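As a plain string of letters, each chain reads:
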Amino acid sequence: MFVAVLILGRMASRPDMVLLYAGLEPQAAGDVIAAIEAQGMPYEVRGGAILVPRAERDALRLTLAGEGLPANGAQGYELLDSLTGFGTTSQMFDAAYWRAKEGELARTIAANPLVAATRVHIANASANPFQRRVNASASVSVTGTSGPLPPEQARAIRYLVASAVPGLSPEDVAVIDSQVGLLNGEAGDMVASAEDRADALRERVQRIVDARVGPGNAVVAISVDTITESESIRERRIDPDGRAIISSDTEEREGQSKDGPGNGVTVASNLPDGDGTGGEGSSSQESSTRERVNYEVSETLREVTRTPGAIRRLTVAVLVNGTIETGAEGDVFTPMPDSEQEALRALVASAVGYDEARGDEITIRSLPFDAPEGLGTEATAPGWISPIPLDLTRILQMAVVALVALVLGLFVVRPILKGAQVAAALPAPDSSPPTPASLLAEAEPLVPVDGEIDMGDGFQPMSGSGLGAKGFAGLEDLSREDPVDRLRGMIEDRKEEAVEILRSWLDEPEEHA
């Protein structure tokens, strides 16, 4: 029990150890432990975690940060400082540059309080100069501090990496969580985006409704149906009725010709009296006009690309509490008037961007709230003990130590002390037994007896064993007592008989040898 008390006391007196760093690389963890040992501070190592006293943790973190600890395993642009112009090829410089870029991005991502560890890998397109149309890509591996990384943080990481690498688009960056896997799936992002929109709209409507009916008297639920597929539409329309003259060309031609008499050789020209001059001449005139008009038919070319995330349909449900009036028949519920519900519906429609053509729907009902009584506790002002930090583990340890000490005091120490007092009250073992003279000295003084002794009616002579009326019934109990105490008790109980016995001893004559 003494060893148990020492162990419990040591456990209760040990400092409360809390986490300092976890998940460090072996070299960085060794540097941190060496710095803690140099300061003479107690610490513990449990797996990959380093624990220090709670009271010293914050100051120790600031001190280690001033010394540049823990050192991040991913190095950044300081890698380029070690490169020199002699013996460094362009391939070596490019490899060091992209390695430094990955280290800088890993540092920036690790600065997020939701990220415990990260690695960045960039596939540069310039590494393959003889391949065309090769886009850059990147992958980021993260480990969350308290569970999977939220989708909005994954989107932020994708845009961060895409903005830091030339020619890299956010769609070509893959974010992989160590617990749930790929985080940048389009379906998951669209679901998260729909939930985020619904939450934002619900908070907006809740503020408006609470301003009218009061906090706790309205419940708002919003469902947002978004488009999760992408669509590209290309449309070309030709309107035959809509035409326009783009050019007009008019051409006019005029021609005139006249033929003289014919001078050809004929039969008449061979006769002596014949007329060789021929007949009369002919004339002709020609005129033409040509007009050409070019028309352009009205044409509409439309190309629409629909990306996921657009709202397809919006549904809003608002439950409003009424008023309860106490009358002769008891509590009577009175719903909100229709005029106020219509006014509230108009406010809700303006807040969420109601579109009737899209199929949006807004439902407002005034129904009694079933709020059971007695739920919750009444808030009280903080007392003087509230600012004191209480550690439940230390309190339990101290309670166990106090309980063990109490048990030791009641059932171990106290019986030992009581036994010592009883032993001190008993006579020493080497003391001599009492003699008749000592018993006579302790007995009452004898009074001389004159005449005969009146035995009385209640006198009972003692038996041969000297037990009197008890007989042999009390031998077992008397054998357990101390002989001296038993003799003293017998003398106290039967003083007269003891005096008679002593007197008979004194009256007996001495026997001579």
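Residues numbered from 1 in each chain as written. Predicted model: local features only at pLDDT ≥ 70, side-chain atom pairs only at ≥ 80, totals over all residues. Heavy atoms only, no water.

- Going by the annotation in an unreviewed UniProt entry, the name recorded for the chain is Flagellar M-ring protein, with Roseivivax halotolerans given as the source organism.
- UniProt, in the comment section headed Sequence similarities (unreviewed entry), describes the chain in these words: "Belongs to the FliF family." (UniProt positions renumbered as here; feature names shortened; annotations may be inferred.)

**Some points on the confidence of the model for the chain**
Next, step 1: Mean pLDDT over the chain: 75, with 69% of residues reaching 70 or higher.
Next, step 2: Counted against residues more than four places away or in other chains, residues 461-473, with its pLDDT under 50, gives eleven contacts. (pLDDT = per-residue confidence, 0-100. Contact = heavy atoms within 4.5 Å.)

**Some details on the environment of I7**
Next, step 1: Relative to the elements of secondary structure, I7 occurs in helix α1 (residues 2-13).
Next, step 2: Each C-alpha atom, one on I7 and one on V401, is 9.5 Å from the other, the two residues being 394 residues apart in sequence. (Helix = DSSP H or I, 4+ residues; strand = E, 2+ residues; numbered from the N terminus.)

**Focus: the pairing of strand β14 (residues 361-366)**
Next, step 1: Where burial is concerned, the two faces of β14 differ: the one with I362, I364 and S366 is buried and the one with E361, T363 and R365 is not.
Next, step 2: Pairing of strand β11 (residues 311-320) with β14, which is carried by six bridges, proceeds in the parallel orientation. Following the sheet pairing, A317 is matched in β14 by T363. (Buried < 20%, exposed > 50% of the residue type's maximum accessible area, 1.4 Å probe, protein only. Pairing = 2+ DSSP bridges.)

**Digging into helix α5 (residues 151-164)**
Spacing of three or four residues puts side chains on the same side of an α-helix, whose turn is 3.6 residues.
Next, step 1: Spanning 14 residues, α5 covers 20 Å between terminal C-alpha atoms, matching the ideal 20 Å at 1.5 Å per step.
Next, step 2: Restricting attention to buried positions, one finds in α5 the residues A154, I157, R158, V161 and A162. Seen end-on, α5 carries its buried residues on one side only, within an arc spanning 130 degrees. (Expected span 1.5 Å × (residues − 1). Arc of directions from axis to C-beta.)

**A closer look at the pattern of salt bridges**
Next, step 1: Tallied over the full model, the rule gives twelve salt bridges.
Next, step 2: Its salt-bridge partner being D249, residue R292 comes within 3.3 Å of it at the nearest N-O pair. Note that R292 is positioned in strand β10 (residues 282-306) and D249 in strand β9 (residues 231-259), a separation of 43 residues in sequence.
Next, step 3: Several salt bridges share partner residues, and in doing so they unite E235, R237 and R302 into one network. (Salt bridge = Lys/Arg side-chain N within 4 Å of Asp/Glu carboxyl O.)

**Let's talk about a nonpolar patch on the surface**
Next, step 1: On the surface, L403, L406, V407, L410, F411, V412, V413, I416 and L417 cluster together to form a nonpolar patch covering roughly 860 Å² of accessible area.
Next, step 2: Within the secondary structure, I416 is located in helix α8 (residues 392-425).
Next, step 3: Judged by relative accessible area, I416 falls into the exposed class, the value being 57%. (Patch = residues over 30% accessible without salt bridge, like charges linked within 9 Å, V, L, I, M, F, W, Y side chains within 5 Å. Areas by Shrake-Rupley, 256 points an atom, 1.4 Å probe, with all protein chains shown as cover.)

**Re the packing of helix α4 (residues 90-110) against α5**
Next, step 1: Between α4 and α5, the least distance of the axes is 11 Å, while the angle of their chain directions is 150 degrees. In terms of orientation, α4 and α5 fall into the roughly antiparallel class. In terms of crossing hand, the pair formed by α4 and α5 is right-handed. Along the contact surface, α4 presents K101, L105, T108 and I109, while α5 presents I157, L160, V161 and A164.
Next, step 2: Of the residues assigned to the contact of α4 with α5, the class counts are six nonpolar, one polar and one charged. (Axes fitted to C-alpha atoms, helices over the stretch in contact; angles between N-to-C directions. Parallel < 35°, antiparallel > 145°, perpendicular 65-115°, else oblique. Left-handed = near helix turned anticlockwise from the far one by under 90°. Nonpolar A, V, L, I, M, F, W, Y, C, P; charged D, E, K, R; others polar.)

**Some points on the UniProt feature "transmembrane region" (unreviewed entry) in the chain**
Next, step 1: Sequence positions flagged by UniProt for "transmembrane region" (unreviewed entry) are, in local numbering, residues 395-413.
Next, step 2: Annotated as 100% helix and 0% strand, the span residues 395-413 places its first and last C-alpha atoms 25 Å apart.

**What about the packing of aromatic side chains?**
Next, step 1: The tally for this structure, following the rule as stated, stands at one aromatic pair.
Next, step 2: Between Y97 and W98 the ring centres are 5.3 Å apart and the planes differ by 75 degrees, which places this aromatic pair in the edge-to-face class. (Phe/Tyr/Trp six-rings, centres within 6.5 Å; stacked < 30°, edge-to-face > 60°.)

**Thoughts on the sheet that holds β14**
Next, step 1: The strand order across the open sheet formed by three strands is β8-β11-β14, and the pairing between neighbours is mixed. Whereas interior strands pair on both sides, the edge strands pair on one side only; in this sheet they are β8 (218-226) and β14. For this sheet, the mean inter-axis angle between neighbouring strands, taken without regard to orientation, is 10 degrees.
Next, step 2: Note: β8 against β11, nine bridges, orientation antiparallel. Bridge pairing links T226 to I311 in β11.

**Observations regarding the sheet that holds strand β4 (residues 115-123)**
Next, step 1: With mixed pairing, the four strands of this open sheet are ordered in space as β4-β5-β6-β7. The open sheet has two edge strands, β4 and β7 (181-182), and neither has a second partner.
Next, step 2: As judged from the two bridges shared by strand β6 (residues 173-177) and β7, these two strands associate in the antiparallel manner. Residue I176 lies in a different strand from β7, and its bridge partner there is L182.

**Concerning helix α7 (residues 338-352)**
Next, step 1: Between the first and last C-alpha of α7 there are 21 Å, a value that for 15 residues agrees with the 21 Å anticipated at 1.5 Å per step.
Next, step 2: By the burial criterion, the buried members of α7 are Q341, L344, V348, A349, A351 and V352. Buried residues of α7 fall within an arc of 160 degrees about the axis and therefore sit on the same side. Those residues of α7 that are exposed and aimed more than 90 degrees away from the buried face are S339, E342 and S350.
Next, step 3: Downstream of α7 by a residue or two, G353 has a phi angle that is positive, lying close to 75 degrees.

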